[in-house]
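Below are the chains, spelled out letter by letter.
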Amino acid sequence: MSDVHEGNDSEMMGELTDVFCDPDNPVEVRFQDVSAAAYKIKGGIIKTPCSKSTISRLLDMEVYFKKEFLQVTGSFKERGARYTLKMLSKEQQEKGVVAASAGNHALALAYHGRELNVHITVVMPIIAPLMKVSMCEQYGATVIVKGADINESRSYAMKIGQEKNLLYVNGYDHPHILAGQGSMGLEIYDQVKDIDAVVCPVGGGGLITGTALAIKTLSPSTLVIGVESERCPSFTKSMEAGKPVYTPSLSTLADGLAVPMIGVNAFKTAAPLIDKMVVVRNKH
C-alpha cells in the first residue's frame, strides 16, 4: 500500500546539494550514453509513432508529431525514469529512490518503479493535480504532499534522501534522465527521413538535451529549435548569459515548462547543439 502524507510549509528544509547536478562540475552527456539507454529501456518503453499531421497542408510543409502521450503514463518522462532505475546498484534498488515532481516525472518513476520492483518516494507540491497524486499511489509509490511549489518540494525530497540514504533523482538534469530522453531523438531519426528541423518544448532542458544529442550526432545538418513560454524563458536567458541563470516564472498555460532554473548538465550538453530558441507569447 502507498502512503500519502501532508506536510506543513513551515517545516521546509534549506536547499541541499545534488551531487549528480553540480553547477561547478556539470556532466556532458555523450551519444554513447543515449545509445546505451535506448538499448536498456527498449523492452519497457513504447516506441511511439511520429506521424505526418493534417496541418501540413495548411502550412505548406511536412509536419510530423511524435506522439509521446501514448506512453503508459502519458509522457516522454518514462524514458529517462526507466533508464535511471535500470542503472541503480543492487543496494540502491533495495533501498529505493526519492524525487520531487508535480506530475509526470513522479508518474513515470512510480510506474516503472513498480515494474522493476524499486520503491519510489515522491514529494509533490500542494498544487499537484489530485489525479496525478492518486495515480502515483495506485502505482505503489509513497506520496508526500509537501511544499507550496516544486522548489520547496525538491528541498524536502533531498532532505529525505540525505536522511534515509536514498538516491535523489532530478527529473530534468540527472545524467541518466538526459540519456534516456535521448532515445526519443533516435526514434525520430529512424521514423522521419531527411528531417530538416526538430522543434522541442523546453522546461528544465531534459528533453531537448537528449533529443539534440541524438539528432545532431546522426544528422548534423538538422536544425534543433527549442520553444519556451514568455512567462518563463529560462533556457533562452541562460543561453544569452552563457550559463544557467535563475529566471522568474509567471503563471502560464504551459505549466510543465515553467522551470525557473534549467539543469546544469542539460545546459552543458545542449547549449552547443541548439540552433535557435524561440519564445512564444502565452496567448499562442
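Please read these numbers as outputs of a predicted model, since none were measured by experiment.

## Thoughts on the sheet that holds strand 10 (residues 276-280)
If you walk across this open sheet you meet the three strands as 8-9-10, and the pairing is parallel. Looking at strand neighbours, the two that pair on one side only are strand 8 (197-201) and strand 10, the edges of this open sheet. For this sheet, the mean inter-axis angle between neighbouring strands, taken without regard to orientation, is 25°. Along the sheet, helix 9 (residues 206-218) makes contact with strand 8 and strand 9 (223-229), crossing strand 9 at roughly 170°.

## Comments concerning the layout of surface pockets
In this structure, the second largest pocket spans a volume of roughly 270 Å³. Around the second largest pocket, the lining is made up of 15 residues, and of these Gly161, Gln162, Leu166, Leu167 and Tyr168 lie nearest the centre. Partitioned by chemical class, the residues of the lining of the second largest pocket number seven nonpolar, five polar and three charged.

## Structural notes on the environment of Ser219
In this structure, Ser219 sits in the loop between helix 9 and strand 9. Judged by relative accessible area, which is 14%, Ser219 ranks as buried.

## What about the pairing of strand 5 (residues 120-124)?
Within strand 5, five of the five residues are buried, which leaves the element mostly enclosed by the surrounding structure. Residue alternation in strand 5 divides its side chains into two sets, Ile120, Val122 and Met124 and Thr121 and Val123, and both sets are buried. Of the strand pairs in this sheet, strand 4 (residues 97-100) and strand 5 are connected by four bridges, and their pairing is parallel. Bridging across to strand 5, Ala100 finds its partner in Val123. At this point the chain moves from strand 4, through helix 5 (residues 104-116), to the parallel strand 5, and the crossover so formed is right-handed. Of the strand pairs in this sheet, strand 5 and strand 6 (residues 142-145) are connected by four bridges, and their pairing is parallel. Bridging from a neighbouring strand, Thr121 pairs with Thr142 of strand 6.

## Focus: unusual backbone geometry
Most peptide bonds take the trans configuration, and most residues that are not glycine carry a negative phi. We note that Asn117 has phi near 60°; this positive angle belongs to a residue other than glycine. Mapped onto the fold, Asn117 is located in the loop between helix 5 and strand 5. A positive phi is found at Asn165, a non-glycine position, where the angle reads about 55°. Looking at the element boundaries, Asn165 is found in the loop between helix 7 (150-164) and strand 7 (167-168).

The rules behind these values
- Residues numbered from 1 in each chain as written.
- Predicted model: local features only at pLDDT ≥ 70, side-chain atom pairs only at ≥ 80, totals over all residues.
- Heavy atoms only, no water.
- Pairing = 2+ DSSP bridges.
- Helix = DSSP H or I, 4+ residues; strand = E, 2+ residues; numbered from the N terminus.
- Axes fitted to C-alpha atoms, helices over the stretch in contact; angles between N-to-C directions.
- Contact = heavy atoms within 4.5 Å.
- 1 Å grid on protein atoms, 1.4 Å probe; cavity = no way out; pocket = protein on both sides within 12 Å on 5 of 7 lines; lining within 4 Å.
- Points joined across faces, edges and corners; volume = space filled by probe spheres on them.
- Nonpolar A, V, L, I, M, F, W, Y, C, P; charged D, E, K, R; others polar.
- Buried < 20%, exposed > 50% of the residue type's maximum accessible area, 1.4 Å probe, protein only.
- Right-handed = clockwise from strand over helix to strand, strands pointing away.

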